[in-house]
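Architecture at a glance
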Amino acid sequence: MTGKVIYEVKDVSKRYGSVVALDGASLRLHAGEVVGLVGDNGAGKSTLVKVLSGAHDPDGGHIYLDGEEVRWHSPRQALEAGIETLYQESGLAPHLTVSQNVFLGREKFVKGFLGKLGFLARKTMEDEAHRDLEAVGIAVPASNRSVSQLSGGQRQAVAIGRAVAWARKVIILDEPTNHLGARQAGEVLEVIKAAKKKGLGVIFISHTLPHVLEVTDRIVVLRLGKIVKDAPTAHFNGDTLVGMITGTITTLAADKE
Amino acid sequence: MVDSKQSVTVKERIQGFVGNQTALLILVLFILSGVFTALSGGSFLSTSVGSTILTDWGSYILLAVAETIVVISGGIDLSVGATLSLSTVTAGWVLVNGLHLDASITGPAAWPYLLLALLVAVLTGLAVGAINAVLINIFKIVPFIATLATFGAAAGMAIIVSGGMPLQGPNDFGLINPLRIPGIDPKIFDTGLFSPLIILMALVTVVVGLFLHKARFGLYTFAIGSNTFAARAAGISVARHTSKIYLLAGALSGVAGFYAYVRLGGGSPSSGTGMELYAIAATVIGGASLMGGVGRMWGTVIGTLILITVQSGLLMIGVATDWKQIVVAVLIAGAVAVQTLQKKNGAR
């Protein structure tokens, strides 16, 4: 089902002043695997996401991409190494068009001298954005439309489609189904499945536990900055997952086998 | 852009028209020009008066161009007017105190002085822009306060450098005279609209406008103003790009300073006083949002022309200067009201 280990963090810690946000967390992600990251507010999910996406340099621990140790000094570095992150609700610039958003940070330029000056190949990017989004199963209206004219579901679809289209190794999705209706959330989950088929490693962070149980292969539970459980999704059900997150249970039935 | 809704109410029609900002602005400009031409007995739109007005106000357009880029990025630059004063004074200082300029020179003999004045003015503007960039991006001071500080510092510095007195320039740089091209009927240029100074201003505006709307520089500016977080997530170095924006605003203010120096035939430390408010007003009238992410260079140019028309028109028909400020205030409030209508309409 899943391939080799593609992304790994080992024993990472991060503190903000005297607050320990992340305390020796380790996580392995395989190619073609969807890992769910769950935990209560303040459990350290956002901090772990920021370490994984290169936004935070951890105080201690190691990060390995494709078996080689890496250290991110900026999200850009992680991005260039093939790791795409979709942040909660804020992935797109509303005043820009769909294609401008899809190509933001990776623009295509016109040929020749003007291209060297930074003049953009608008039409090319519009066509390619349309094609790339369609390829991951997202039907957007016109890619020269301003994002502010799209519905919430369409925006999220564009954001996630952009991430899947560009990701070469890993894609990190922070609450991608938040504030979406059932049908729209279903579409987002389909895109996650498409990413998995593409052989990407997917990290899926969500409070919506039915979505986590539906789409992930493995679930990692964070509590108070520590990883308290890392087990195949099949070992959980809705009740045991909630129990794990809140701390009312510490072992699963499958653990005893 | 336009939804194919079944029933279009009158209100929606009005909002739809208002949504086409450029058309609306041009209409306002035409109406205003017409009104003033009628009231002034036809003299307002005569070409010689028109070109004199445009020449007088060219530096306002340059400052508004600078302000537009800053505002689209979600910032504000209160220092553009003071930077104009300072750069016009430093240019004068170098020519008068450094090179002991002979004010009676004219023609080609003045060109080296001219280029030097431009260079000094732009470098001065860049220096103020660099201080803005450092205050905003390294010391993390909000643009309003950072540029308020440089506004005060530059205005004070302009007085110190000049000793409070205007610094002499050449009596005639030859730059505001109508252009002459051998072999072409000089009558074409006699309107004065084609003076080298106006061409310089127009060229700078067009080039900056192209970079704003067609190149990556502008795309990043809009992206940062629209959603800084998304821009950063896309790998844009927000601090670096914002620094470029304030440097450019400084450089353009420097060009405006050079413009004022040539136009006024000297560098006065008060030549830019209050101009930042006109630059911001023109930008907002032109359709830019002070929240960032929205704006057009065309809109700003027409916005400035509307301000110019109102100001000069009122002056020409003999309205007291004090009233002008009130009219400008009404224009700004009206522009913002139109923006709010547009937002409700979802036109942007």
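Residues numbered from 1 in each chain as written. Chains lettered and ligands numbered in written order. Predicted model: local features only at pLDDT ≥ 70, side-chain atom pairs only at ≥ 80, totals over all residues. Heavy atoms only, no water.

Per the secondary structure count, chain B includes 13 helices and two strands. When burial is assessed residue by residue, chain B has 50% of its 348 residues classed as buried. For chain B, the share of sequence-separated contacts (at least 6 apart) that also reach a separation of at least 24 residues comes to 76%. Put simply, chain B shows about 15800 Å² of open surface, and 70% of that area lies on carbon and sulfur atoms. (Helix = DSSP H or I, 4+ residues; strand = E, 2+ residues; numbered from the N terminus. Buried < 20%, exposed > 50% of the residue type's maximum accessible area, 1.4 Å probe, protein only. Contact = heavy atoms within 4.5 Å. Areas by Shrake-Rupley, 256 points an atom, 1.4 Å probe, with all protein chains shown as cover.)

Right, let's talk about the overall build of chain A for a bit. On a plain count of helices and strands, chain A comes out with nine helices and ten strands. The globule rule puts the C-alpha radius of gyration for 257 residues at 18 Å, and the 19 Å found for chain A is close to it. The dimensions of chain A, computed from C-alpha atoms along their principal axes, are 65 × 40 × 35 Å. Within chain A, buried positions represent 51% of all 257 residues. Counting only contacts in chain A whose residues sit at least 6 apart along the sequence, the fraction spanning at least 24 positions is 64%. With the model as given, the accessible surface of chain A reaches about 11500 Å², and the carbon-plus-sulfur share is 51%. Placing the 31 positive and 29 negative side-chain charges of chain A at their respective mean positions leaves the two points 4 Å apart. (Rg over C-alpha atoms; globule rule 2.2 N^0.38 Å. Lys, Arg positive; Asp, Glu negative; His and termini not counted. Charge placed at Lys NZ, Arg CZ, Asp CG, Glu CD.)

Once that is clear, we can look at the confidence of the model for chain B. All names here are of chain B. Residues of chain B with pLDDT of at least 70 account for 82%, and the chain-wide mean is 84. For chain B, per-element mean pLDDT is lowest for helix H1 (residues 10-19), which scores 57, and highest for helix H8 (residues 216-226), which scores 97. Contacts of residues 1-7 to residues separated by more than four positions or lying in other chains number four contacts, the stretch itself having pLDDT below 50. Under the prediction, the complex receives an ipTM of 0.81, its pTM being 0.84. (pLDDT = per-residue confidence, 0-100.)

Moving on, we get to the interface of chain B and chain A. Opposite the 23 residues of chain B that make contact, chain A presents 22 residues. Counting the surface lost from both chain B and chain A, the interface buries some 2000 Å², and carbon and sulfur atoms represent 64% of this. Taken together, the connections running from chain B to chain A amount to zero salt bridges. Summed over the shared surface of chain B and chain A, the result is six residue pairs in polar contact (both at pLDDT 80 or more). (Buried area = accessible area lost by both parts, 1.4 Å probe. Salt bridge = Lys/Arg side-chain N within 4 Å of Asp/Glu carboxyl O. Polar contact = N/O pair within 3.5 Å; in protein donor to acceptor, adjacent residues only side chain to side chain.)

Residues and elements named next belong to chain A. Under the criterion given, the structure shown has six aromatic pairs over all chains. With 5.6 Å between their ring centres and 85 degrees between their planes, Phe103 and Trp166 make a pair best called edge-to-face. A residue pair is termed long-range when its members are at least 10 positions apart, and Phe103 in the loop between helix H3 (98-102) and helix H4 (113-116) and Trp166 in helix H6 (residues 152-166) qualify at 63 residues. Classification of Phe103 by relative accessible area gives buried; the value is 1%. (Phe/Tyr/Trp six-rings, centres within 6.5 Å; stacked < 30°, edge-to-face > 60°.)

Right, let's talk about the nonpolar core for a bit. Formed by 124 residues in total, the largest nonpolar core has its most connected members in A:Ile160 and A:Ile192. Here this core gets 13 residues from one element, more than from any other, and that element is helix H3 (residues 47-72) of chain B. Those residues in contact with A:Ile160, other than ones at most four positions away along the chain, are A:Leu86, A:Ile138, A:Leu173, A:Val188, A:Val191 and A:Ile192. (Core = buried A, V, L, I, M, F, W, Y, C linked by side-chain atoms within 4.5 Å.)

Below, the discussion takes up the side chain of A:Thr47. Among the secondary structure elements, A:Thr47 is positioned in helix H1 (residues 45-53). Sequence-distant contacts of A:Thr47, that is, excluding residues within four places in its chain, are made with A:Lys14, A:Tyr16, A:Ala21 and A:Leu22.

Residues and elements named next belong to chain A. Reading across the sheet, the six strands line up as E6-E7-E8-E3-E9-E10 and stay open at both edges, with mixed pairing between neighbours. Two strands bound the open sheet, and with one partner strand each, they are strand E6 (83-86) and strand E10 (226-232). Here the average twist between neighbouring strands, direction ignored, is 15 degrees. In this structure, E6 lies alongside strand E7 (residues 170-174), joined through four bridges in parallel fashion. In the strand pairing of E7, Ile83 is matched with Val170. Where helix H7 (residues 182-197) meets the sheet, it contacts strand E3 (34-39), E7 and strand E8 (201-205), and its direction lies at approximately 155 degrees from that of E8. Here helix H9 (residues 238-246) sits on the sheet and contacts E3, strand E9 (218-223) and E10; the angle it forms with E9, its principal contact strand, is near 30 degrees. (Pairing = 2+ DSSP bridges. Axes fitted to C-alpha atoms, helices over the stretch in contact; angles between N-to-C directions.)

It is worth spelling out the pairing of E9(A) at this point. Residue and element names in this part refer to chain A. Of all six residues making up E9, five are buried, and the element is well covered by its neighbours. Pairing between E3 and E9: five bridges, direction parallel. Paired with Gly36 across the strands is Ile219, a residue of E9. Sheet analysis places E9 next to E10, joined by six bridges and oriented antiparallel. Counted as the bridge partner of Val220 is Asp230 from E10. Linking E9 to E10, which pair antiparallel, is a turn of two residues; within it Leu224 sits at a positive phi near 50 degrees.

As a further point, take helix H12 (residues 297-316) of chain B. Residues spaced three or four apart along an α-helix point in a common direction, a consequence of the helix completing one turn every 3.6 residues. Residue and element names in this part refer to chain B. The terminal C-alpha atoms of H12 lie 28 Å apart, and with 20 residues this matches the ideal 28 Å at 1.5 Å per residue to within 8%. Counting buried positions along H12 gives 16 out of 20 residues, so the element sits mostly inside the fold. Residue Gly318 follows H12 closely and has a positive phi angle near 85 degrees. (Expected span 1.5 Å × (residues − 1).)

Before going further, it helps to spend a moment on the pattern of salt bridges. Residues and elements named next belong to chain A. Enumeration over the complete set of coordinates arrives at 18 salt bridges over all chains. Close ionic contact of Asp59 with Lys14 constitutes a salt bridge, the shortest N to O distance being 4.0 Å. One end of the pair, Asp59, is in the loop between H1 and strand E4 (60-65); the other, Lys14, is in strand E1 (residues 5-16), with 45 residues separating them in the sequence. A salt bridge links Asp217 to Lys196; the shortest N-O distance between them is 2.9 Å. Of this pair, Asp217 sits in the loop between helix H8 (209-215) and E9 while Lys196 sits in helix H7, and the two are 21 residues apart along the sequence. In this structure Asp217 comes out as buried when scored by relative accessible area, which is 17%. Linked by salt bridges that have partners in common, Lys4, Asp66 and Lys169 make up one network.

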